[in-house]
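Structural characterization, general
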Amino acid sequence: MHPKDLVRQQFITRFGVPPEQIAMAPARVNLLGEHVDYNDGFVMPAAIDRATYVAFSPSSSQQSTLLAVDFNEEATFTAQSVLSKTDAANAPLPEWARYPAGVQWALRDAGLPVPDIQAVFASDVPRGAGLSSSASVEMAFAVAWQALGGWELPPMRRALLGQKAENEYVGVKCGIMDQFASACGVADHLLLLDCRSLEWRALPIPPQVAIVIADTSVRRKLTTSGYNERRQACEDAVAALSRDLPDIRALRDVSLVDFNRLCGRLPALVEKRARHVVEEIDRSRQAVGLLERGDVAAFGRLMNACHASLRDFYEVSTPELDAMAAIAQGLPGCLGARLTGAGFGGCTVNLVEKTAAGAFAANLAEGYARATGLTPEIYICRAADGARILMD
């Protein structure tokens, strides 16, 4: 059953009446610009046609009641209990409930009216696969509360409040890309986001290509320490390079020419980490013109180069991700393949000629299973519109 139909049915079962409305918010995949968001770089995600769906109505009591179909769990909280991250009975909120509760907290903190809600939600976004299931939950609840509250915010503002919820309430120090892509997605387009200015524009995906996501079935093992060590290396590189380049604020400000001239002054590990970021930001800049000209073959080569850099310089790949990317790159119709997301497990993203996508998916699944003994999930996707209320 499609999640939209499932949440409607489960809402009627739980609350005895149909929901007033259904909100949805897509997951995202990033095609280029990996691990550059916290270096003020440029990212190129797309919202995809996998999403979180929320069936909802105003609450009939002085508390919010949420049923998470995917966990088969329910949580209730009040405006007061949210402040202490507890439910209506004073027990700690389960982890899944902190995402919608955090959105309620962030919206109220921004001075917006946020009525209590009764809601049922479900998703067809695989959790922990690097497709940002948490951001899709946050953005779906943001548009649900917008509908109930009778106010309207621009999509980027909703994204920033979702990021605040995840940073300050849930306690995950994510960048803005995930919530941005879920809120601002444009069907059949990539989104180019400047992570410093937050200016963005949509770039058309040529109609002859498909986005294919390949889930290795290995869940991410990027520890907080591994992520923080890489962020620290980038900051160390900026501190060292600023002796010669006093005006830089982030690696985004370091040209490839300057980096190659000065990189010998960096410790070996810091140089590797910074090289990935500087070169990846350069790849993102190149990619804009390529997409505008419809040169998807050259764009795909940049994706392949990104994977090699994440593997060799940033060192966030795994044998399974490397196998998936290498097998894909050798298949007919594949223009580019790389790991997507933080790394250490999860998915690859593949740009594939649309006419070859079905055979590509079957051959990739077979080749990966043969190489690793693991069974992957392969999704042929399209770029989708951002978070919204669904009209029947």
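The sections below set out a description of the structure shown in this document. Keep in mind the model is a prediction, meaning the values are calculated, not measured.

This next bit is on the overall build of the protein chain. Summing up its helical and strand segments, the protein chain has twelve helices and twelve strands in all. Relative to its length of 392 residues, the protein chain is compact, with a C-alpha radius of gyration of 21 Å against a globular reference of 21 Å. The principal-axis extents of the C-alpha atoms in the protein chain amount to approximately 65 × 50 × 40 Å. Across the 392 residues of the protein chain, 58% fall into the buried class. Excluding contacts between residues fewer than 6 apart, the proportion of contacts in the protein chain whose partners are at least 24 apart in sequence is 71%. Taken as a whole, the protein chain presents about 15,500 Å² of accessible surface, with 50% of it coming from carbon and sulfur. Taking the average place of the 38 positive charges on the side chains of the protein chain and the average place of its 45 negative ones, the gap between the two points comes to 2 Å.

The next point concerns helix 11 (residues 319-329). All of the buried residues in helix 11 are L321, A323, M324, A325 and A328. Considering only its buried residues, helix 11 is in contact with strand 8 (209-215), helix 10 (296-312), strand 9 (334-340), strand 10 (347-353) and helix 12 (357-372).

Okay, the nonpolar core next. In terms of nonpolar packing, the biggest core is built from 112 residues, with L31, M44, F56, W145, I211, L251 and F299 touching the most fellow members. Residues A328, A357, L364 and Y368 belong to the second largest nonpolar core, which totals 14 residues.

Two elements in contact, helix 10 and helix 11, have axes separated by 11 Å at closest approach and are oriented at 155 degrees. Between helix 10 and helix 11, the interaxial angle falls into the category roughly antiparallel. Regarding helix 10 and helix 11, the two cross each other, and that crossing is left-handed. Two secondary-structure elements touch here, helix 10 through N304, H307 and R311 and helix 11 through L321, D322, A325 and Q329. Considered class by class, the residues forming the contact of helix 10 with helix 11 number two nonpolar, three polar and two charged.

By way of backbone hydrogen bonds, the strands of a sheet pair with one another, either parallel or antiparallel. Read from one edge to the other, the open sheet built from four strands follows the order 9-10-8-11, with strand pairing classed as antiparallel. Here the strands that pair on one side only, and so sit at the sheet edges, are strand 9 and strand 11 (377-381). For this sheet, the mean angle separating the axes of adjacent strands, direction not counted, is 20 degrees. Helix-sheet contacts for helix 11 involve strand 8, strand 9 and strand 10, and the interaxial angle to strand 9 is about 170 degrees. Helix 12 rests against strand 8, strand 9, strand 10 and strand 11 of the sheet, and its axis sits at about 165 degrees to strand 11.

Inspection of the secondary structure assignment puts R196 in the loop between strand 6 (189-194) and strand 7 (200-204). Separated by 175 residues in sequence, R196 and Q21 have C-alpha atoms that sit 35 Å apart.

Turning our attention to the side chain of H276. Tracing the chain through its elements places H276 in helix 9 (residues 268-293). A relative accessible area of 0% means that H276 is categorised as buried. A polar side-chain atom of H276 sits 2.6 Å from a polar atom in the side chain of S309. Look past the residues within four positions of H276 in its chain and what remains in contact with it is E34, H35, R283, S309, L310, F313 and Y314.

As a further point, take the layout of surface pockets. Over the atoms a probe the size of a water molecule is rolled, and this reveals where empty space is left. Here the second largest pocket is characterised by a volume of approximately 150 Å³. Around the second largest pocket sit D188, I205, P206, P207, V209, A210, I211, K354, C381, R382 and A383, which together line it. Considering each element in turn, the lining of the second largest pocket owes the most residues, three residues, to strand 8. Along the lines of polarity and charge, the residues of the lining of the second largest pocket split into eight nonpolar, no polar and three charged.

Attention now goes to the packing of helix 3 (residues 95-109) against helix 5 (residues 155-170). Orientation of helix 3 relative to helix 5, taken along the N-to-C sense of each, is 115 degrees, at an axis distance of 8 Å. Here helix 5 runs roughly perpendicular to helix 3, going by the angle between their axes. Here the hand of the crossing between helix 3 and helix 5 comes out right-handed. Across from R98, Y99, A101, G102, V103, W105, A106, L107 and D109 in helix 3, the residues of helix 5 making contact are L161, K164, A165, E166, E168, Y169 and V170. Split into classes, the residues belonging to the contact of helix 3 with helix 5 amount to ten nonpolar, one polar and five charged.

Before going further, it helps to spend a moment on empty space enclosed by the protein. Scanning the entire structure with this criterion turns up one cavity of 30 Å³ or more. The volume enclosed by the largest cavity comes to roughly 30 Å³. In terms of lining, the largest cavity is formed by L31, L190, I205, P206, L291, F299 and L351.

Here we come to unusual backbone geometry. Generally, phi is negative for residues other than glycine and the peptide bonds are trans, each holding for most cases. Even without being a glycine, D40 presents a positive backbone phi close to 65 degrees. Within the secondary structure, D40 sits in the loop between strand 1 (21-32) and strand 2 (42-58). In this model, N90 sits at a positive phi of 75 degrees, which is unusual for a non-glycine residue. Secondary-structure assignment places N90 in the loop between helix 2 (79-83) and helix 3. Judged by its relative accessible area of 61%, N90 falls in the exposed class.

The next point concerns the pattern of salt bridges. Tallied over the full model, the rule gives 18 salt bridges. Measuring nitrogen to oxygen at the nearest pair gives 2.9 Å for the salt bridge that ties R201 to E292. Of the two residues, R201 sits in strand 7 while E292 sits in helix 9, which places them 91 residues apart along the sequence. With relative accessibility at 39%, the residue R201 sits in the partly exposed group. Among the charged side chains, a network of salt bridges with common partners joins D40, R196 and D253.

Cut-off values and rules
- Chains are numbered independently. Their residues run from 1 in the order of the written sequence.
- A pLDDT threshold of at least 70 governs which residues receive local features in this predicted model, and a stricter bar of 80 or more applies before side-chain atom pairs are shown or counted, although totals over entire chains, interfaces and linings include all residues.
- Note: side-chain values were computed over all heavy atoms of the structure, leaving out hydrogens and water.
- Only DSSP runs of H or I covering at least 4 residues are called helices, and only runs of E covering at least 2 are called strands; the numbering of each starts at the N terminus.
- In this treatment the radius of gyration is a C-alpha quantity, and the globule benchmark scales as 2.2 Å times the residue count to the 0.38 power.
- For every residue, the accessible area (1.4 Å probe, protein chains only) is compared with the maximum for its type, and the residue is labelled buried under 20%, exposed over 50%, or partly exposed between those bounds.
- It only takes one pair of heavy atoms within 4.5 Å for two residues to be counted as in contact.
- For the accessible areas, the method is Shrake-Rupley and the probe is 1.4 Å, while residue cover comes only from the protein chains on display.
- For this count, His and the chain ends are skipped, Lys and Arg are scored as positive, and Asp and Glu as negative.
- Where a charge lies is defined by one atom per residue type, namely NZ (Lys), CZ (Arg), CG (Asp) and CD (Glu).
- Residues belong to a common nonpolar core when they are buried Ala, Val, Leu, Ile, Met, Phe, Trp, Tyr or Cys residues joined through side-chain atoms within 4.5 Å.
- To obtain each axis, a line is fitted to C-alpha atoms, and for helices this fit is confined to the stretch in contact; angles are then taken between N-to-C directions over 0 to 180 degrees.
- Here the word oblique covers every angle except those under 35 degrees (roughly parallel), over 145 (roughly antiparallel) and from 65 to 115 (roughly perpendicular).
- Each helix crossing is assigned a hand: it is left-handed if the near helix lies turned anticlockwise from the far helix by less than a right angle, otherwise right-handed if that turn is clockwise.
- Residue polarity is assigned by list, with Asp, Glu, Lys and Arg as charged and Ala, Val, Leu, Ile, Met, Phe, Trp, Tyr, Cys and Pro as nonpolar; anything else, Gly included, falls into the polar class.
- By definition, two strands form a pair when at least two bridges between them are found by DSSP.
- Each polar contact in these results corresponds to two N or O atoms within 3.5 Å; when the atoms are within protein, one needs to be able to donate a hydrogen and the other to accept it, and residues that are neighboring in sequence are counted only if both atoms are side-chain atoms.
- Computed over the protein atoms alone on a 1 Å grid, cavities are sets of points where a 1.4 Å probe fits but cannot get out and pockets are open sets with protein on both sides within 12 Å along at least five of seven lines; a residue lines them when it has an atom within 4 Å of a point.
- Grid points are joined across faces, edges and corners, and a volume is the space filled by probe spheres set on the points.
- Any carboxyl oxygen of Asp or Glu within 4 Å of a side-chain nitrogen of Lys or Arg constitutes a salt bridge here.

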